[in-house]
Amino acid sequence: MSRAQLTRTGILRMALGGGADPLLPAEGGGGRRAPFLLRALRIAVVVCLYWFTSIAMVFLNKYLLDSPSLRLDAPLFVTFFQCALTAALCLGLSLGAACGPPCSGLPALRLDPKVSRSVLPLSAVFIGMVTSNNLCLKHVGVAFYNVGRSLTTVFNVLLSYLLLKQTTSLYALLACGVIIGGFWLGVDQEGAEGTLSWTGIFFGILASLCVSLNAIYTKKVLPVVDGSIWRLTFYNNINACVLFFPLMVLLGEFRTLYHFDKLGSPSFWGMMTLGGVFGFAIGYVTGLQIKFTSPLTHNVSGTAKACAQTVLAVIYFEETKSFLWWTSNLMVLGGSFAYTWVKGLEMRKVQEDPNVKSSERNETGV
């Protein structure tokens, strides 16, 4: 869920629009005639891979950002390294395109300063998104992380109305109301248990806003890179690496790194690299899950994954939570599921109605 959000957003848009993802395996006609058990097993493997990658990424980032044994107070450096690794992996896959499948469909990547400047406004939002996500995770527990940044759906509805003049159905608004209620109940319960971090809450709300803005700016900027989400990911992360440097200087993170006692530790750099690889891989496994199921099923799976992640975090960190705390999580998860389901039904209804205008079709999405 951090910098990989851009990749996930692009893959989801391509899945909804019918576009092909060059990193995903092509599915021939024979795939539809596969035995039911084989198809069910394939779907189960893909869903498990998505769950494992996403949950592992969150726990790895929590370790890098807030581990008592690591004691590294440089969240921007962690984010910078992961952005640099993402850009390097994009470039590496592009250079391997000549080797044939599965990379043969990837576009050639080269740095064009003009394109980079055009992508810069999105990159500023992207930096806000990945930084606030990581800062939220740094200041709140993994168990509360899902609730802390749960207002993305609410901001999607709000910004769609303010910027795009798109209205939302009553049932979808009711689902948003449940999410808001779960968020405030969660904040209240964190305060009652003495584990509330207003800094974490602030960055969680900011992360939710930036994720929504990122989706809107991505749609505007995609034509600049010929609609290629992988080219956009490359430029976005290159820009982010450049912009992170003055921020790290301003916040004194280079001084922190100079005094960091594990800077020469292979295990530290191994964990940093592993976190970056998982962050990049989440985009690919998200695309696989959408391809072998559906966008709606992917969102439902993501909601169930968030529930499993919360339970695992409570068990792993040996935390004790109240009934109302669990109720807040269920409200957020239930509201998110209900919103996804309502928007899915609305999209299906719009697509099946030949009398609906094309402009109205564009106003409905998952």
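This is a predicted model, so every value here is computed, not measured.

Which residues make up the overall build of the protein chain, and what values go with them?
Secondary structure assignment for the protein chain yields 14 helices and zero strands. The linear arrangement of helices and strands in the protein chain, starting from the amino end, is α-α-α-α-α-α-α-α-α-α-α-α-α-α. Put simply, the protein chain has 366 residues, and 51% of those count as buried. Long-range contacts, defined here as pairs at least 24 residues apart, represent 81% of the contacts in the protein chain between residues at least 6 apart.

An account of the side chain of N237 is needed here, citing residue identities and associated values.
Relative to the assigned elements, N237 resides in helix α9 (residues 229-250). Every residue in contact with N237, bar those within four places of it in the chain, is listed here: C83, T86, A87 and F126.

Describe the UniProt feature "transmembrane region" (unreviewed entry) in the protein chain, listing the residues and the values that go with them.
Per the UniProt record, "transmembrane region" (unreviewed entry) is annotated on residues 40-64, 76-98, 119-137, 143-163, 170-187, 199-217, 229-248 and 268-288. As annotated, residues 229-248 has a helix share of 100% and a strand share of 0%, and its two end C-alpha atoms lie 27 Å apart. Helix makes up 100% of residues 268-288 and strand 0%, whereas the separation of the span's terminal C-alpha atoms amounts to 30 Å.

Describe the packing of helix α2 (residues 36-66) against helix α11 (residues 266-292), naming the residues involved and giving the relevant values.
Where α2 contacts α11, the two axes come as close as 8 Å, and the packing angle between them is 150 degrees. Looking at the two axes, α2 sits roughly antiparallel to α11. The two elements α2 and α11 meet at a crossing, and its hand is left-handed. In the contact of α2 with α11, the residues fall into 20 nonpolar, six polar and one charged.

A description of the pattern of salt bridges should follow, citing residues and the corresponding values.
Here the structure, examined in full by the defined rule, presents nine salt bridges. As a salt-bridge pair, D66 and K62 come within 3.3 Å of each other at their nearest N and O atoms. You can see D66 and its partner K62 sitting in helix α2, four residues apart, about one turn around the helix. D261 is the partner of R71 in a salt bridge, and the nearest nitrogen-oxygen pair spans 3.7 Å. Within this pair, whereas R71 is found in the loop between α2 and α3 (75-95), its partner D261 is found in the loop between α10 (253-258) and α11, the two being separated by 190 residues in sequence.

Help me get a handle on the side chain of S123, residues and values and all.
Summarising the element assignment, S123 is placed in helix α4 (residues 113-139). Exposure remark for S123: the relative accessible area of 0% places this residue in the buried category.

Outline the packing of α3 against α9, supporting the account with residue identities and numerical values.
Across the interface, α3 lies against α9 with an axial gap of 8 Å and an inter-helix angle of 150 degrees. With respect to their mutual orientation, α3 and α9 come out roughly antiparallel. Read as a crossing pair, α3 and α9 show a hand that is left-handed. Residue-level inspection shows L76, F77, T79, F80, C83, A84, T86, A87, C90 and L91 of α3 in contact with α9, the latter providing W230, T233, F234, N237, I238, A240, C241, F244, F245, L247 and M248. Its residues placed into classes, the contact of α3 with α9 shows 17 nonpolar, four polar and no charged.

Can you tell me about the packing of aromatic side chains, naming the residues and giving the values?
Taken as a whole and assessed by the stated rule, the structure comprises 16 aromatic pairs. Ring centres of F234 and Y235 lie 5.7 Å apart, and the angle between their planes is 75 degrees; on these two criteria the pair is classed as edge-to-face. Each of the two residues, F234 as well as Y235, counts as buried. Ring centres 5.1 Å apart and planes at 65 degrees place the aromatic pair F268 and W269 in the edge-to-face group.

Talk me through the nonpolar core; I want residue IDs and the actual numbers.
Membership of the largest hydrophobic core comes to 54 residues, with the highest contact counts inside it found for L72, F77, F144, F244, F268 and M272. When sequence neighbours within four positions are dropped, the list of residues in contact with F244 reads L76, T79, F80, C83, I127, V130 and T131. With 15 residues, the next largest nonpolar core counts C90, L222, I229 and L232 among its residues.

Describe unusual backbone geometry, and please don't skip the residues or the numbers.
One non-glycine residue, D226, lies in the positive phi region at around 60 degrees. Mapped onto the elements of the fold, D226 is located in the loop between α8 (198-221) and α9. With relative accessibility at 67%, the residue D226 sits in the exposed group. Residues other than glycine seldom take positive phi values, yet E318 does so here, at roughly 55 degrees.

Go over the confidence of the model for the protein chain, please, and point to the residues and values.
On average, residues of the protein chain carry a pLDDT of 83, and 84% of them reach 70 or more. Low confidence marks residues 11-31, where pLDDT is under 50. Its contacts with residues over four positions away, or in another chain, come to 40 contacts. Confidence over residues 357-366 falls short of pLDDT 50; this stretch has 18 contacts with residues more than four positions distant or in other chains.

Just give me the short version of a nonpolar patch on the surface, but keep the residues and values in it.
Judged by side-chain polarity, L158, Y161, L162, L163 and L164 come together as a nonpolar surface patch covering roughly 480 Å² of accessible area. When you line up the elements, L158 lands in helix α6 (residues 152-164). Judged by its relative accessible area of 42%, L158 falls in the partly exposed class.

The rules behind these values
- Residues numbered from 1 in each chain as written.
- Predicted model: local features only at pLDDT ≥ 70, side-chain atom pairs only at ≥ 80, totals over all residues.
- Heavy atoms only, no water.
- Helix = DSSP H or I, 4+ residues; strand = E, 2+ residues; numbered from the N terminus.
- Buried < 20%, exposed > 50% of the residue type's maximum accessible area, 1.4 Å probe, protein only.
- Contact = heavy atoms within 4.5 Å.
- UniProt positions renumbered as here; feature names shortened; annotations may be inferred.
- Axes fitted to C-alpha atoms, helices over the stretch in contact; angles between N-to-C directions.
- Parallel < 35°, antiparallel > 145°, perpendicular 65-115°, else oblique.
- Left-handed = near helix turned anticlockwise from the far one by under 90°.
- Nonpolar A, V, L, I, M, F, W, Y, C, P; charged D, E, K, R; others polar.
- Salt bridge = Lys/Arg side-chain N within 4 Å of Asp/Glu carboxyl O.
- Phe/Tyr/Trp six-rings, centres within 6.5 Å; stacked < 30°, edge-to-face > 60°.
- Core = buried A, V, L, I, M, F, W, Y, C linked by side-chain atoms within 4.5 Å.
- pLDDT = per-residue confidence, 0-100.
- Patch = residues over 30% accessible without salt bridge, like charges linked within 9 Å, V, L, I, M, F, W, Y side chains within 5 Å.
- Areas by Shrake-Rupley, 256 points an atom, 1.4 Å probe, with all protein chains shown as cover.

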